[in-house]
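Chains, contacts and geometry: an overview
What follows is each chain in one-letter form.
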Amino acid sequence: MAEYLILIYGDEQKHAAGGQELWDQLMQGHTKFAENNGSVLRGGNALQPTTTATTIRSEGKSQPVTDGPFAETKEALGGYYLVEAKDLDEAIAIAKQVPAPHGGVEVRPVMVFD
């Protein structure tokens, strides 16, 4: 079995505009996802909005620190799940169940170091 990270991206402005009703729908969706996939979940969390991000860049010997996300994009990383799956196809099948109404998900294998 291998581990895969499912990165959840979405439009923060659309999420905010959806109010409590959208928040409740998302939480119900993630609860259902966790119930249906508990045996393969190895971790996961939601992230605070990009307004809370701090970016550190490597520029030679300098490492400037700035407020805000690494990149300005319409869809921001909002959370992740770490899952165990036999292969990429199984990881994709799991990822398709993740609620992401204003964005999408990215599936990436976790690198293993021997």
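Above: the structure in question.
Description of the structure in this document. (Residues numbered from 1 in each chain as written. Predicted model: local features only at pLDDT ≥ 70, side-chain atom pairs only at ≥ 80, totals over all residues. Heavy atoms only, no water.)

**Quick look at the nonpolar core**
What counts here: By nonpolar core we mean a set of buried residues, namely Ala, Val, Leu, Ile, Met, Phe, Trp, Tyr and Cys, connected to one another through side-chain atoms within 4.5 Å. Classification of residues uses two cut-offs on accessible area relative to the type maximum, computed with a 1.4 Å probe and protein chains only: under 20% is buried, over 50% is exposed, and between them is partly exposed. Secondary structure counts use DSSP, requiring at least four H or I residues in a row for a helix and at least two E residues in a row for a strand, with both numbered from the N terminus. In what follows, residue pairs with any heavy atoms lying within 4.5 Å of each other are defined as contacts.
Counting residues in hydrophobic clusters, the biggest one holds 13 residues, and the most contacted among them are I6, F33, Y81, V83, I94 and V98. Contributions of two or more residues to this core are made by strand 1 (2–10), strand 5 (76–85) and helix 2 (88–95). Here I94 is in contact with I6, F33, N37, V40, V83, E84 and A85, once residues within four sequence places are set aside.

**Re the sheet that holds strand 2 (residues 41–46)**
For clarity, the cut-off: One requirement defines pairing of two strands: DSSP has to find at least two bridges between them. Orientation is described by axes fitted as lines to C-alpha atoms, over the contacting stretch for helices, and by angles from 0 to 180 degrees between their N-to-C directions.
Within the open sheet, the four strands sit side by side as 2-5-1-6. Their pairing is antiparallel. Each edge of the sheet is formed by a strand with only one pairing partner; in this case those strands are strand 2 and strand 6 (103–109). Strand-to-strand twist across the sheet, computed as the mean angle between neighbouring axes with direction ignored, equals 15 degrees. As defined by bridge partners, strand 1 adjoins strand 5 across nine bridges and the pair is classed as antiparallel. Along strand 5, the bridge assignment pairs Y4 with V83. Where helix 2 meets the sheet, its contacts fall on strand 1, strand 5 and strand 6, and the angle it forms with strand 5 comes to roughly 130 degrees.

**Some remarks on the side chain of D11**
Considering the arrangement of structural elements, one finds D11 in the loop between strand 1 and helix 1 (12–37). We classify D11 as buried; its relative accessible area is 7%. Apart from the residues lying within four places of it in its own chain, the contact partners of D11 are K74, E75 and H102.

**Things to note about the pairing of strand 1**
Sheet analysis places strand 1 next to strand 6, joined by seven bridges and oriented antiparallel. Bridging from a neighbouring strand, I6 pairs with V107 of strand 6.

**A closer look at the layout of surface pockets**
Put simply, the rule reads: A pocket here means an open set of points on a 1 Å grid, computed over the protein atoms alone, that has protein on both sides within 12 Å along at least five of seven lines. A cavity is instead a set of points where a 1.4 Å probe fits but cannot get out; residues with an atom within 4 Å of a point line either one. Grid points are joined across faces, edges and corners, and a volume is the space filled by probe spheres set on the points. When residues are grouped by polarity, Ala, Val, Leu, Ile, Met, Phe, Trp, Tyr, Cys and Pro land in nonpolar, Asp, Glu, Lys and Arg in charged, and all others, Gly among them, in polar.
Taken as a whole, the largest pocket holds about 680 Å³ of empty space. Around the largest pocket sit 27 residues that line it, and H15, W23, A46, L47 and G78 are the ones nearest its centre. Every element with two or more residues in the lining of the largest pocket is listed here: strand 1, helix 1, strand 2 and strand 5. Here the element with the most residues in the lining of the largest pocket is helix 1; it accounts for eight residues. Here the lining of the largest pocket is composed, by residue class, of 16 nonpolar, ten polar and one charged. Here the second largest pocket defines a volume of roughly 200 Å³. Taken together, D11, E12, Q13, T50, T51, P69, F70, A71, E72, T73, K74 and A76 form the lining of the second largest pocket. Class assignment for the residues of the lining of the second largest pocket results in four nonpolar, four polar and four charged.

**Some details on the packing of aromatic side chains**
Basically, it comes down to this: Stacked, edge-to-face and tilted labels apply to pairs of Phe, Tyr and Trp rings (six-membered ring for Trp) whose centres lie within 6.5 Å, assigned for plane angles under 30 degrees, over 60, and everything in between, in that order.
A complete count under the given rule lists one aromatic pair for this structure. A centroid spacing of 4.5 Å and a plane angle of 40 degrees characterise the contact between F33 and Y81, whose relative ring orientation is tilted. Of this pair, F33 sits in helix 1 while Y81 is found in strand 5, placing the two residues 48 residues apart along the sequence. Classification of Y81 as buried rests on a relative accessible area of 11%.

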